[in-house]
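For reference, the chains in residue letters:
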Amino acid sequence: MKAGFIGTGSMGSILIEAFIHSGAFNPEQIMASNRTIQKVERLAETYPGLQVARSNREVVIDSDLIFLCVKPSEFKQVINEIKEDVLPSQMLVSITSPVLIRHLEGILPAKISKIIPSITNYVLSGATLCIHGNRMQPEDKEWLENILAHISSPIRVSESYTRISSDLSSCGPAFLASFIQSFIQSAVEETGISMEEATLLASEMTLGTGKLLTTGGFDPISLQKRVSVPGGITAEGLRILESELSGVFKQVIQATHTKYEEDLEKAELLLAGKQSPSQ
Ligand SMILES: NC(=O)c1ccc[n+]([C@@H]2O[C@H](COP(=O)([O-])OP(=O)(O)OC[C@H]3O[C@@H](n4cnc5c(N)ncnc54)[C@H](OP(=O)(O)O)[C@@H]3O)[C@@H](O)[C@H]2O)c1
């Protein structure tokens, strides 16, 4: 089985590295192309055996499973380059949320799925959201999810919930990191604890909290109840958070959804040939 990657930027390279580290693929099973070829050459230096393709077509011709890891504005060009070479027997996986499955099925004959990876996949954890197209048979879905299970927990979601699921799963690490950074910064400013010590404590706390919420039998409500006793110190802190953060996440979700609607519209225009990538 050969896996091909078109686009080895941030997410493409994270997926390649995670698949290799997890043992899902040997470097010899991977071929990749990228607009700036040096990025693939660097990966091939790190993972001897990984094949550097000189064109996107070469990746398609040589692969059974193809990952498209480019941004929405770059999609049209890639599709135009590869569409004549894609076969119905191939599986093509896009990681670009505003490009809808129906867009891809309308242009390419392959079995198509969309997955939304997360930076957490780099450390072989977190979710990969899976949205399967109509041509994916039950055994195809299972096969793809078995591969993704090497680097994540594959979770099927409906395409209509792609945005909110991605907010939680893919943007979530950045949102949580912003919260933690703010906590650390305030700890340093208010008490004089060193940045290093505060960062270490907060990071260990985050790891432990993640374990409690996944395998430790807690959900967010029961965890808060367990840590805070009425009238205690944690309860005082929670009281401030509840009053100050009320409504913040609604605003965050509204902002991500507004941006997504804009991206969706641009992607549709671009794929219909009614807009240039720079617009
Ligand atoms: N970042 C995340 O956490 C995350 C999570 C889930 C999904 N995604 C989605 O993943 C997609 C890619 O995001 P990213 O963060 O990886 O972007 P990125 O770092 O900009 O990577 C895109 C890569 O595609 C390459 N590329 C562009 N046009 C190409 C072409 N015609 N042929 C071959 N390669 C081409 C670019 O090459 P150059 O080196 O020349 O620029 C770049 O390396 C986006 O749709 C994003 O929404 C991202």
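Conventions adopted
- Residues numbered from 1 in each chain as written.
- Predicted model: local features only at pLDDT ≥ 70, side-chain atom pairs only at ≥ 80, totals over all residues.
- Heavy atoms only, no water.
- Buried < 20%, exposed > 50% of the residue type's maximum accessible area, 1.4 Å probe, protein only.
- Helix = DSSP H or I, 4+ residues; strand = E, 2+ residues; numbered from the N terminus.
- Pairing = 2+ DSSP bridges.
- Right-handed = clockwise from strand over helix to strand, strands pointing away.
- Near = heavy atom within 4 Å.
- Polar contact = N/O pair within 3.5 Å; in protein donor to acceptor, adjacent residues only side chain to side chain.
- Areas by Shrake-Rupley, 256 points an atom, 1.4 Å probe, with all protein chains shown as cover.
- Nonpolar A, V, L, I, M, F, W, Y, C, P; charged D, E, K, R; others polar.
- Contact = heavy atoms within 4.5 Å.

S.K.: I keep staring at the pairing of strand β4 (residues 65-68) and nothing clicks. Help me out?
M.R.: Two faces make up the sheet, and in a regular strand the side chains alternate between them. Where burial is concerned, the two faces of β4 agree: the one with Leu-65 and Phe-67 and the one with Ile-66 and Leu-68 are both buried. Across four bridges, the pairing between strand β1 (residues 3-6) and β4 is parallel. Among the inter-strand pairings, Phe-5 is bridged to a residue of β4, identified as Phe-67. When β4 meets strand β5 (residues 91-94), the two strands line up parallel, connected through four bridges. Along β5, the bridge assignment pairs Leu-68 with Ser-94. A crossover links β4 with its parallel partner β5, the connecting element being helix α4 (residues 72-82), and its sense is right-handed.

S.K.: What am I meant to see in the site of the ligand here?
M.R.: Inspection of the region around the ligand gives 20 residues, with Ser-10, Met-11, Asn-34, Thr-36 and Lys-39 positioned closest. At 2.8 Å from an oxygen atom of the ligand is found a main-chain nitrogen or oxygen belonging to Ser-10. In this structure, Asn-34 approaches the ligand through a side-chain N or O atom, which is 2.8 Å from an oxygen atom. Bound to the protein, the ligand loses 81% of the 900 Å² it would expose on its own. Counting residues per element, the ones that place at least two in the shell around the ligand are α1 (10-22) and α4. Broken down by element, the shell around the ligand gets its largest block of residues, three residues, from α4. Its residues assigned to classes, the shell around the ligand shows seven nonpolar, nine polar and four charged.

S.K.: Sorry, what's going on with the environment of Gln-90 here?
M.R.: By secondary structure assignment, the location of Gln-90 is in the loop between α4 and β5. Classification of Gln-90 as buried rests on a relative accessible area of 5%. Residues Gln-90 and Ala-110, spaced 20 residues apart in sequence, show a C-alpha to C-alpha distance of 5.3 Å. Gln-90 has contacts with Val-60, Ser-63, Asp-64, Ile-66, Asp-85, Ala-110 and Lys-111, leaving out every residue within four places of it along the chain. Only 2.8 Å separates the side chain of Gln-90 from the backbone oxygen of Ser-63, close enough to count as a polar contact.

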